[in-house]
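# Residue-level structural notes
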Amino acid sequence: IVAAGLATAAEMAEWTAPLRATYDQVLRLHQMQWDGIWFRIVRNFFWSASAGRFDVVIGNPPFIRYQNFQEDHRTVAFRLMKHAGLRPTRLTNAWVPFLVASTLMLNPAGGRLAMVIPAELLQVGYAAELRRFLTNNFSKLTLFTFRKLVFDDIQQEVVLLLGERNGQNHTGIR
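An account of the accompanying structure is given in this report. Counting starts from 1 at the beginning of each chain's written sequence and moves along it residue by residue. In keeping with the model being predicted, local features are shown solely for residues with a pLDDT of at least 70 and side-chain atom pairs are shown and tallied solely at 80 or more, while totals for entire chains, interfaces and linings include all residues. Side-chain numbers come from the whole structure's heavy atoms, not from hydrogens or water.

Quick look at a nonpolar patch on the surface now. Together, F144, F146, V150, F151 and I154 give the surface a local cluster of nonpolar side chains, amounting to about 400 Å² of exposed area. Runs of H or I in DSSP of at least four residues are treated as helices and runs of E of at least two as strands, each being numbered from the N terminus. Inspection of the secondary structure assignment puts I154 in the loop between β3 (140-144) and β4 (158-164). Think of it in three bands: residues with accessible area under 20% of the maximum for their type are buried, residues over 50% are exposed, and the middle band is partly exposed, with areas taken using a 1.4 Å probe on protein chains only. You can call I154 partly exposed: its relative accessible area is 33%. The patches reported here contain residues having more than 30% relative accessible area and no salt bridge. Joining distances are 9 Å for like charges and 5 Å for nonpolar side chains (Val, Leu, Ile, Met, Phe, Trp, Tyr). For the area figures, the Shrake-Rupley method with a 1.4 Å probe applies, and any residue is considered shielded solely by the protein chains shown. For this document, the term salt bridge refers to a Lys or Arg side-chain nitrogen within 4 Å of an Asp or Glu carboxyl oxygen.

In structure tokens, the structure reads:
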């Protein structure tokens, strides 16, 4: 993370304890055979966060409202957003820092991103800063919308966001 310029050594030293505590908690849950899929997801995220730049990032980040976003996790996520030049607020959902981190982890000369995210990206004022961030960080952005709800168990409209970097000019959202 430090080598990629996503955080300073001092920030990483400050984040180490909360990240380790989160990892240890998920590991305990896994050892109790409780929701083993989450252990694998978190383990893989921690590994990938330290692995450097990627050519492709694909995801469906968690949709967690600010008030339900665990404070120590929110603190780390918001620091990452501030490091990227964004100003998180009490309206910031957990999917936003995931999208920002995923963008920052992409290879700037040719990375691609695919994310399932809430349609609120297009609709709400507090996402305007994120929309600017995305248009500044991708050469091409494509959004796919859906006529019906995609996930039966949730009442959340989603879009599929595709981003491409080619190290050249930016064409905006289409």
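Further remarks concern the environment of R65. Considering the arrangement of structural elements, one finds R65 in the loop between β1 (56-59) and α3 (71-83). The class for R65 is exposed, based on a relative accessible area of 56%. Spatially, the C-alpha atoms of R65 and A94 are 6.5 Å apart, while their sequence positions differ by 29 residues.

Among buried residues, those of type Ala, Val, Leu, Ile, Met, Phe, Trp, Tyr and Cys that are joined through side-chain atoms within 4.5 Å constitute a nonpolar core. Core analysis: the largest hydrophobic core is formed by 32 residues, its most contacted members being L99, L130 and L134. Listed by contribution, the elements that provide at least two residues to this core are α3, α4 (95-104), β2 (112-118), α6 (128-137), β3 and β4. A per-element tally of this core places α4 first, with 6 residues. By definition, residues are in contact when any of their heavy atoms lie within 4.5 Å. If near-sequence neighbours (up to four positions away) are discounted, L134 is found in contact with L99, T103, L121, L141 and L161.

Note on aromatic contacts: the rings of Phe and Tyr and the six-membered ring of Trp form a pair at centre separations within 6.5 Å, being stacked when their planes are under 30 degrees apart, edge-to-face when over 60 apart, and tilted otherwise. Evaluation of the coordinates by the stated rule reveals 0 aromatic pairs. Definition used: whenever NZ (Lys) or CZ (Arg) falls within 6 Å of the ring centre and also within 35 degrees of the ring normal, the charge is taken to sit over that ring. For R165, the ring lying beneath its charged end belongs to F138, and the centroid distance is 5.6 Å.

Our focus in this paragraph is α6. Among the residues of α6, those classed as buried are E129, L130, F133, L134 and N137. Viewed end-on, α6 has its buried residues packed into an arc of 140°, placing them on one side of the element. Contacts from the buried residues of α6 go to α4, α5 (120-123), β3 and β4. The arc in question is traced by the directions running from the helix axis to the C-beta atoms.

On to the packing of α3 against α4, then. Two numbers describe a pair of packed helices, the interaxial angle and the distance between the axes. Note on definitions: angles span 0 to 180 degrees between N-to-C directions of axes, and those axes are lines fitted to C-alpha atoms, for helices only across the stretch in contact. Contact geometry of α3 with α4 gives a least axis separation of 9 Å together with a crossing angle of 50°. When the interaxial angle is binned, α3 and α4 end up oblique. At the point where α3 passes α4, the crossing takes the left-handed sense. Taken together, the residues of α4 that come into contact with α3 (itself represented by A77, L80 and M81) are V96, P97, V100, A101 and L104. The scheme is simple: roughly parallel for angles under 35 degrees, roughly antiparallel for over 145, roughly perpendicular for 65 to 115, oblique for anything else. For any helix crossing, the convention is left-handed if the near helix is rotated counterclockwise from the far helix by under a right angle, and right-handed if that rotation is clockwise.

We treat two strands as partners when DSSP finds at least two bridges between them. Here we have 4 strands laid out as an open sheet, ordered β1-β2-β4-β3, and mixed in their pairing. Looking along the sheet, the strands with just one partner apiece sit at the ends: β1 and β3. Averaged over neighbouring strand pairs, the angle between their axes works out to 20° when direction is ignored. Bridge count for β1 against β2 is 4 bridges, and the pairing is parallel.

As a further point, take the pairing of β4. Where β2 and β4 come together, 7 bridges link them in antiparallel fashion. Counted as the bridge partner of A114 is L162 from β4. Pairing geometry for β3 and β4, over 5 bridges, is antiparallel. Residue K140 lies in a different strand from β4, and its bridge partner there is E164.

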